[in-house]
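Chain residues, written in single-letter form:
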Amino acid sequence: MDERAALALLDRELDPVGDDAAVVDDLVVTTDMLHERTDFPPGTTRYTAGWRAVGASLSDVAAMGAEATAAVAAYAAPEFDPEELLAFVRGASDVCERVGAEYVGGDLDGHEEFTVATTAFGRARDPLFRSGARAGDIVCVTGTLGRSAAALTLFERAAEDETPPAEADRALERANELFRFVPRIDAGLALASRATAAMDSSDGLARSLHQLGEASGCGFAIDSEAIPVDDALDELTTGEGGARERATTFGEDFELVATVPDDALADARAATDVPLTPIGSVVDPEDGITIDGRDLEDRGYTHG
């Protein structure tokens, strides 16, 4: 059973599930687990790991249109290296500070593989869900897509035997920088009163659209040329259309994918603190999920 099948099983067992976070009496709570083998490429610093792990949970809070309040992390590793542990905590604290939240501690445990479990909390009186999109709404994304794909390319380049040491060091520095994304808390708060549905793009744009379509009972018509591709991915990708394809399917970017009524779009774009790019429209469910008139395959990041 893969991750998606496991989630489908739990969807039948638990109610409610399916959004980026749970909401209990205006409290928004979410949890994530990341592993060295699948989530932190060789060369990822512990500072970046702390930032990225906690940031992933804060991104779920953002997708709910909530104010971020706090985060905790359980840190497990084969041994507790003092420099690595302090770097992790500093990264976790810094990403929280960046979005107005607090890092308030967690737990330590021994484990055969570096593993992190994070939980973030927020507050939302009127949270955003995945289930409100309606035909005629405009599909938008925050920021750019492809930062994580670009980072992985640089991590891989640094690990190649033929890469000179100085070049490898520069590649790792840039890769870690790209891996440290800013959770879109401010944008989520701005969208809370303007969007009809939202989620983060951690599984990739294509998969996010399929998840939104399932939750809202709708389809989408996407224009590939409108998708905002990160400059770093453009620079590192060869072949026509390759960067846009990776930006659409790779995932792990932690931007927001939202649907906004046409008459609220200008206000939403003015209110968000980062670019909010229209990339298509919500259509009737029988029209399916398409890109440039062709079926958009349900492809994206799967935790394995």
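Residues numbered from 1 in each chain as written. Predicted model: local features only at pLDDT ≥ 70, side-chain atom pairs only at ≥ 80, totals over all residues. Heavy atoms only, no water.

> When you look at the overall build of the chain in this model, what are you seeing that I'm missing?
Along its length, the chain carries 11 helices and 12 strands. A compact globule built from 304 residues would reach a C-alpha radius of gyration of about 19 Å, and the chain, at 19 Å, matches this within 12%. In the chain, which comprises 304 residues, the share counted as buried stands at 50%. For the chain, restricting intrachain contacts to residue pairs at least 6 apart in sequence, the fraction spanning at least 24 positions comes to 87%. In the form shown here, the chain has an accessible surface area of approximately 14200 Å², with 48% of it arising from carbon and sulfur atoms. Where the 24 positive side-chain charges of the chain centre and where its 61 negative ones centre are 2 Å apart. (Helix = DSSP H or I, 4+ residues; strand = E, 2+ residues; numbered from the N terminus. Rg over C-alpha atoms; globule rule 2.2 N^0.38 Å. Buried < 20%, exposed > 50% of the residue type's maximum accessible area, 1.4 Å probe, protein only. Contact = heavy atoms within 4.5 Å. Areas by Shrake-Rupley, 256 points an atom, 1.4 Å probe, with all protein chains shown as cover. Lys, Arg positive; Asp, Glu negative; His and termini not counted. Charge placed at Lys NZ, Arg CZ, Asp CG, Glu CD.)

> Would you mind going over a negative patch on the surface with me for this structure?
On the surface, a cluster of negative charge is made up of Glu156, Glu160, Asp161, Glu162 and Glu167. The topology assignment puts Glu167 in helix H6 (residues 165-179). (Patch = residues over 30% accessible without salt bridge, like charges linked within 9 Å, V, L, I, M, F, W, Y side chains within 5 Å. Salt bridge = Lys/Arg side-chain N within 4 Å of Asp/Glu carboxyl O.)

> Hey, could you run me through the sheet that holds strand S4 (residues 102-110) in this one?
Whenever strands of a sheet pair, they do so through backbone hydrogen bonds, lying parallel or antiparallel. Taken together, five strands build an open sheet; the order of strands is S1-S2-S5-S3-S4 and the sheet is mixed. Among the strands making up the open sheet, the edge pair consists of strand S1 (22-24) and S4. Geometrically, the sheet is characterised by an average inter-axis angle of 20 degrees between neighbouring strands, direction not taken into account. For S1 and strand S2 (residues 27-35), the ladder comprises three bridges, and the chain directions are antiparallel. Looking across to S2, one finds that Ala22 is bridged to Val29. (Pairing = 2+ DSSP bridges. Axes fitted to C-alpha atoms, helices over the stretch in contact; angles between N-to-C directions.)

> What am I meant to see in the domain arrangement of the chain here?
By a widely used convention, the size of an interface equals the accessible area lost when the partners come together. As assigned here, the chain comprises domain 1 (20-123) and domain 2 (138-295). At the junction of the two partners, domain 1 supplies 26 residues and domain 2 supplies 21 residues. Between domain 1 and domain 2 the total buried area reaches about 2000 Å² when both faces are included, carbon and sulfur atoms providing 63% of it. In this structure, the salt-bridge partner of Arg52 is Glu252, at a minimum N-O distance of 3.7 Å. Broken down by secondary-structure element, the contributors of at least two residues to the side of domain 1 that touches domain 2 are helix H3 (46-63), strand S3 (67-77) and helix H4 (82-98). It is H3 that provides the largest number of residues to the side of domain 1 that touches domain 2, a total of 12 residues. Taken together, the residues of the side of domain 1 that touches domain 2 break down into 13 nonpolar, seven polar and six charged. (Domains from an automatic or database assignment. Buried area = accessible area lost by both parts, 1.4 Å probe. Nonpolar A, V, L, I, M, F, W, Y, C, P; charged D, E, K, R; others polar.)

> Sorry if this is basic, but what is going on with the pairing of S2 here?
Between S1 and the antiparallel strand that follows it, S2, lie two residues; Asp25 among them carries a positive phi value of about 50 degrees. Where S2 and strand S5 (residues 115-123) come together, nine bridges link them in antiparallel fashion. Within S5, the position partnered with Val29 by the bridge is Phe121.

> Hey, could you run me through the pairing of strand S10 (residues 276-283) in this one?
With respect to burial, S10 is a largely interior element, six of its eight residues being buried. Two strands pair when backbone bridges link them, and strand S6 (residues 138-142) and S10 are joined in this way by five bridges, in the antiparallel orientation. Bridge assignment links Cys140 to a residue of S10, and that residue is Pro278. When strand S8 (residues 219-222) meets S10, the two strands line up antiparallel, connected through four bridges. What sits directly across from Ile222, in S10, is Gly280.

> Would you mind going over the side chain of Thr44 with me for this structure?
On the secondary structure map, Thr44 appears in the loop between helix H2 (36-39) and H3. Here Pro41 takes part through its backbone oxygen, which lies 2.7 Å from a polar atom of the side chain of Thr44. (Polar contact = N/O pair within 3.5 Å; in protein donor to acceptor, adjacent residues only side chain to side chain.)

> I'm lost on the sheet that holds S10 in this one. Help?
Read across the open sheet, the seven strands follow the order S7-S9-S6-S10-S8-S11-S12; overall the sheet is mixed. Whereas interior strands pair on both sides, the edge strands pair on one side only; in this sheet they are strand S7 (197-200) and strand S12 (294-295). Across four bridges, the pairing between S6 and strand S9 (residues 256-260) is antiparallel. Across the sheet, the residue bridging to Cys140 is Ala258, located in S9. Strand contacts of H3: S7 and S9, with the helix running at about 175 degrees to S7, the strand carrying the most contacts. Against the sheet, helix H7 (residues 185-192) makes contact with S6, S9 and S10, and its axis sits at roughly 15 degrees relative to S9, the strand it touches most.

> I would appreciate a short explanation of the pattern of salt bridges in the present structure.
Opposite charge on two side chains permits pairing when their charged atoms draw close. In this structure the tally under the stated criterion is eight salt bridges. Note that Asp298 and Arg207 form a salt bridge whose closest N and O atoms lie 3.0 Å from each other. With Asp298 in the segment after S12 and Arg207 in helix H8 (residues 205-216), the pair connects residues that are 91 residues apart, well separated along the chain. Judged by its relative accessible area of 27%, Asp298 falls in the partly exposed class. Residue Arg207 is classed as buried on the basis of its relative accessible area, which comes to 8%.

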